[in-house]
Amino acid sequence: VPLVTMLSLIIPAFNEEENLPKLHERLTAASDLWKMPFEVILIDDGSTDKTLHMLRELHQKDQRFKYLSFSRNFGHQTAISAGLCYAAGDVVAILDADLQDPPEELPRFLDKWREGYQVIYGVRRKRKEHLLKRMSYFLFYRLMAWMSSIEIPLDAGDFCIMDRVVVDHLNQLPERNRFVRGLRSWVGYRQIGIPYERHS
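Predicted model only: the values in this text are computed from it and were never measured.

Criteria and cut-off values
Residues numbered from 1 in each chain as written. Predicted model: local features only at pLDDT ≥ 70, side-chain atom pairs only at ≥ 80, totals over all residues. Heavy atoms only, no water. Salt bridge = Lys/Arg side-chain N within 4 Å of Asp/Glu carboxyl O. Buried < 20%, exposed > 50% of the residue type's maximum accessible area, 1.4 Å probe, protein only. Helix = DSSP H or I, 4+ residues; strand = E, 2+ residues; numbered from the N terminus. Pairing = 2+ DSSP bridges. Right-handed = clockwise from strand over helix to strand, strands pointing away. Phe/Tyr/Trp six-rings, centres within 6.5 Å; stacked < 30°, edge-to-face > 60°. Lys NZ or Arg CZ within 6 Å of the ring centre and 35° of its normal. Arc of directions from axis to C-beta. Contact = heavy atoms within 4.5 Å. 1 Å grid on protein atoms, 1.4 Å probe; cavity = no way out; pocket = protein on both sides within 12 Å on 5 of 7 lines; lining within 4 Å. Points joined across faces, edges and corners; volume = space filled by probe spheres on them. Nonpolar A, V, L, I, M, F, W, Y, C, P; charged D, E, K, R; others polar.

Attention now goes to the pattern of salt bridges. By the definition in use, this model includes eight salt bridges. Measuring nitrogen to oxygen at the nearest pair gives 2.5 Å for the salt bridge that ties Arg 108 to Glu 105. Residue class for Arg 108 comes out partly exposed when judged on its relative accessible area of 35%. For Asp 111, the salt bridge is made with Arg 114, and the minimal N-O distance between the two is 3.5 Å. With a gap of three residues between them, Asp 111 and Arg 114 both fall in helix H4 (residues 106-114), about one helical turn apart.

Taken across its six residues, strand S5 (residues 119-124) has five buried, putting it largely inside the fold. Bridge count for S5 against strand S7 (residues 191-196) is six bridges, and the pairing is parallel. Paired with Val 119 across the bridge in S7 is Gln 191.

Turning our eyes to something else, we now look at the pairing of strand S2 (residues 38-44). The buried fraction of S2 is high, at seven of seven residues. The side-chain alternation of S2 yields two buried faces, one formed by Phe 38, Val 40, Leu 42 and Asp 44 and the other by Glu 39, Ile 41 and Ile 43. Looking at chain direction, strand S1 (residues 7-13) and S2 are connected through seven bridges and run parallel. Residue pairing across strands places Pro 12 opposite Ile 43, the latter belonging to S2. In this view, the connection linking S1 to its parallel neighbour S2 by way of helix H1 (residues 20-34) has right-handed handedness. Here five bridges tie S2 to strand S3 (residues 65-69), and the two strands are oriented parallel to one another. Paired with Ile 43 across the bridge in S3 is Leu 68. Taking the sense of rotation as the criterion, the β-α-β connection linking S2, helix H2 (residues 51-61) and S3 turns out right-handed.

All right, on to unusual backbone geometry then. Located in the positive-phi region is Asn 15, a residue other than glycine, with phi close to 55°. Checked against the element boundaries, Asn 15 lands in the loop between S1 and H1. For Leu 99, which is not a glycine, the phi torsion comes out positive at approximately 65°. As for its position among the elements, Leu 99 is in the loop between strand S4 (91-94) and H4. Owing to a relative accessible area of 7%, Leu 99 belongs among the buried residues under this scheme.

Once that is clear, we can look at the packing of aromatic side chains. Counted by the stated rule, this structure contains five aromatic pairs. Note on Phe 109 and Phe 159: the rings are 4.9 Å apart at their centroids and 40° apart in plane angle, and the pair reads as tilted. Of this pair, Phe 109 sits in helix H4 while Phe 159 sits in strand S6 (residues 156-163); the two residues are 50 residues apart in sequence, bridging distant segments of the chain. Each member of the pair Phe 109 and Phe 159 is classed as buried. Taken together, the ring pairs in this structure connect Trp 34, Phe 38 and Phe 65 into an aromatic cluster. Above the face of the Tyr 117 ring, Arg 190 is positioned so that its terminal group lies 4.0 Å from the ring centre.

Every buried residue of H2 is accounted for by Thr 51, Leu 52, Met 54, Leu 55 and Leu 58. The buried residues of H2 all sit within an arc of 160° when viewed along its axis, so they share a single face. Seen from the buried face of H2, the exposed residues on the opposite side, beyond 90 degrees, are Gln 60 and Lys 61. For H2, the elements touching its buried residues are S1, H1, S2 and S3.

Turning to the layout of surface pockets, a few remarks are in order. By volume, the second largest pocket amounts to about 180 Å³. As for the second largest pocket, its lining consists of Thr 78, Ser 81, Ala 82, Cys 85, Asn 171, Leu 173, Pro 174, Glu 175, Arg 176 and Arg 178. Sorting elements by how many residues they give to the lining of the second largest pocket places helix H3 (residues 76-86) first, with four residues. The class makeup of the residues in the lining of the second largest pocket is four nonpolar, three polar and three charged.

This is how it looks when you write it as structure tokens:
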């Protein structure tokens, strides 16, 4: 693994005005654990609240926090794809703005990256949603795995870190309507899952 220049964090944001102050606080505190320079790329996915205004203020206050703004809501996967195009880091993380993917878990992911893994994805240990929603997710992931011609890890979401070589490969793919975790599995490289508890 080469000497790290920077960690990029990609975070889609849609109507997240209530979460942004806590997100900045948690990321800044967790950054002491990463032991490397970092940038945060927040993608405003056509929010209708004060998200974009708050992102502008956040960037003025902390230059490590950058933002992209969509003209309308294009969806979570498109926002992630846009972030991948702008990420400059040697290693790139994808998280949700609602902090269900805890940034404090990233040191465990980075340890695996330093061991030589190029994709480290989070595997949800348990869900806190109500029973019907948990069952829906359970059935969806298993149906998707059964129908897919590629192996997509069960109960793995977008929460991950990826080596620069994987990000460059994803950015070169021609797909417009993207399912990033499926493409992440399809491109190959050395991959491993890490169990974690998703926060409510």
